[in-house]
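Letter by letter, the chains look like this.
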Amino acid sequence: MNTPYFLIEEEKLEQNLRLLRSVAERAGCKILLAQKAYSVYQTYPTISNYLDGSTASGVYEARLGREEFGKEVHAYSPAFREEDVKELASLCDHIVFNTPAQVKKYAPLCKKKGVSVGLRINPECSTQEGHAIYDPCAPGSRLGTTLANFDESVLPLLDGLHFHTLCEQNSDDLEVTVRAFCDKFGKYLPRMKWLNLGGGHHITRADYDVDRLVRIVRGLKERYGVQVYLEPGEAVVLNAGTLHARVLDTLHNGLDIAILDVSAACHMPDVLEMPYRPPLFGSGEAGEKAYTYRLAGPTCLAGDVIGDYSFDSPLKEGDELVFGDMALYTMVKTNTFNGMPLPAIRYLGKDGKIQTLREFSYEDFKNRL
């Protein structure tokens with residue numbers, strides 16, 4: 001099979017979904033798919049059997065959620081244009097605004113359409129380590145309204161509050177954040193219909209404390225009488241996808257280097273943004289096995305490097321390499337820098353058959369501009 005291609009596995013996807021459904025039932029909350037992490041809509045019929053809806057960062061994702069997922073559609077953006085709010089009001093069940101000023105400006109329009117209005121809160125409680133780029137509570141953050149900037153005059157316009165502060169974190173960090181949020185904003189919750197705890201909950205990770213999450217959510221419901229929402233992205237497809245690549249060439253420049261037909265910059269941008277070292281089946285850490293290579297992409301970007309990995313045998317042209325955990329924040333972020341072709345998207349069904357969901361061509365590159 002020609003590389004590169006992404007492969008999504010139905011069975012692993014459903015394993016995640018079954019766990020998420022059990023959390024929703026035990027905690028009495030609703031769980032939404034954050035489309036910013038994963039939007040392969042061809043799999044939405046499966047996902048919608050388990051989850052309560054989807055979230056969007058703008059009109060396009062909201063349309064996709066409405067057309068392909070169904071159920072509830074929620075939207076949030078740091079700032080909306082008026083024309084976008086008008087369109088979103090016909091697509092969404094909830095719209096969350098970033099500031100009291102945008103609530104005042106757009107809530108009347110939303111209310112006329114029967115859309116529930118929320119405000120994103122910044123509880124100013126950072127629990128992240130090492131990933132400032134993904135920390136909404138970092139100093140100077142534009143994401144959410146702090147207590148100092150909360151305008152109580154918008155309370156009659158609000159149906160709910162929202163915060164999102166986590167990134168690939170466990171429920172102990174959520175507990176710390178909830179405590180800080182309630183200390184500052186809990187007095188407003190009895191007036192609300194719902195509370196959205198955002199995403200970043202790594203619920204389907206093996207070491208995630210699900211029982212603690214259930215206790216947190218049930219505690220909020222019992223104390224404040226609100227409907228609680230979670231909107232994970234990564235947890236929905238964690239470990240459910242792979243990226244298949246081949247070695248194009250090898251060379252030596254102080255260390256052994258293998259050039260692949262996949263690019264960190266084009267096909268897995270989080271490798272450079274976080275930075276992040278993706279898992280690779282059959283490999284070890286640098287120096288762990290007999291042969292260590294720096295794996296790199298074929299673009300002209302000097303820093304298009306995936307990472308250093310070791311192998312039992314020397315790599316050679318044509319060898320296939322399979323990177324794990326490649327369903328999230330990959331296909332939604334791929335780009336065609338340097339005219340790089342986009343990997344095909346394939347789906348491994350529970351029946352063992354592989355279906356090609358999407359292949360890309362020169363026309364996809366050309367028509368972007």
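Residues numbered from 1 in each chain as written. Predicted model: local features only at pLDDT ≥ 70, side-chain atom pairs only at ≥ 80, totals over all residues. Heavy atoms only, no water.

## Some points on the sheet that holds strand β9 (residues 227–230)
The pairing of strands in a sheet comes from backbone hydrogen bonds and takes either a parallel or an antiparallel form.
So, step 1. Taken in spatial order, the eight strands of this closed barrel run β2-β3-β4-β5-β6-β7-β8-β9, and their pairing is parallel. Adjacent strand axes in the sheet meet at a mean angle of 25° when their direction is disregarded.
So, step 2. By the bridge criterion, three bridges tie strand β7 (residues 160–162) to strand β8 (residues 194–196) in an arrangement that is parallel. Following the sheet pairing, Leu-161 is matched in β8 by Leu-195.
So, step 3. Where helix α5 (residues 100–112) meets the sheet, it contacts β5 (94–97) and β6 (116–120), and its direction lies at approximately 170° from that of β6. (Pairing = 2+ DSSP bridges. Helix = DSSP H or I, 4+ residues; strand = E, 2+ residues; numbered from the N terminus. Axes fitted to C-alpha atoms, helices over the stretch in contact; angles between N-to-C directions. Contact = heavy atoms within 4.5 Å.)

## Notes on the UniProt feature "domain: Orn/DAP/Arg decarboxylase 2 C-terminal" (unreviewed entry) in the protein chain
So, step 1. Here, UniProt's "domain: Orn/DAP/Arg decarboxylase 2 C-terminal" (unreviewed entry) annotation points to residues 135–326.
So, step 2. Regarding residues 135–326, the helix share stands at 22% and the strand share at 23%, and the terminal C-alpha atoms are separated by 22 Å. (UniProt positions renumbered as here; feature names shortened; annotations may be inferred.)

## Some thoughts on the UniProt feature "binding site: substrate" (unreviewed entry) in the protein chain
So, step 1. The sites that carry the UniProt feature "binding site: substrate" (unreviewed entry) are, in the present numbering, Glu-234 and Asp-270. A maximum C-alpha distance of 12.7 Å places the annotated residues, which cover 37 residues in sequence, within one compact spot.
So, step 2. Accessibility expressed as a relative area gives 11% for Glu-234, which makes it buried.
So, step 3. Glu-234 has contacts with Ala-37, Glu-168, His-202, Leu-328 and Tyr-329, leaving out every residue within four places of it along the chain. (Buried < 20%, exposed > 50% of the residue type's maximum accessible area, 1.4 Å probe, protein only.)

## Focus on the packing of helix α6 (residues 171–185) against helix α7 (residues 210–224)
A pair of packed helices can be characterised by two numbers: the angle between their axes and the separation between those axes.
So, step 1. Across the interface, α6 lies against α7 with an axial gap of 9 Å and an inter-helix angle of 20°. Put simply, α6 runs roughly parallel to α7. Judged by the twist between their axes, the crossing of α6 over α7 is left-handed. Residues Ser-171, Asp-172, Leu-174, Glu-175, Val-178 and Cys-182 of α6 lie in contact with α7, whose contacting residues are Arg-212, Leu-213, Ile-216, Leu-220, Arg-223 and Tyr-224.
So, step 2. Considering only residue class, the contact of α6 with α7 consists of seven nonpolar, one polar and four charged. (Parallel < 35°, antiparallel > 145°, perpendicular 65-115°, else oblique. Left-handed = near helix turned anticlockwise from the far one by under 90°. Nonpolar A, V, L, I, M, F, W, Y, C, P; charged D, E, K, R; others polar.)

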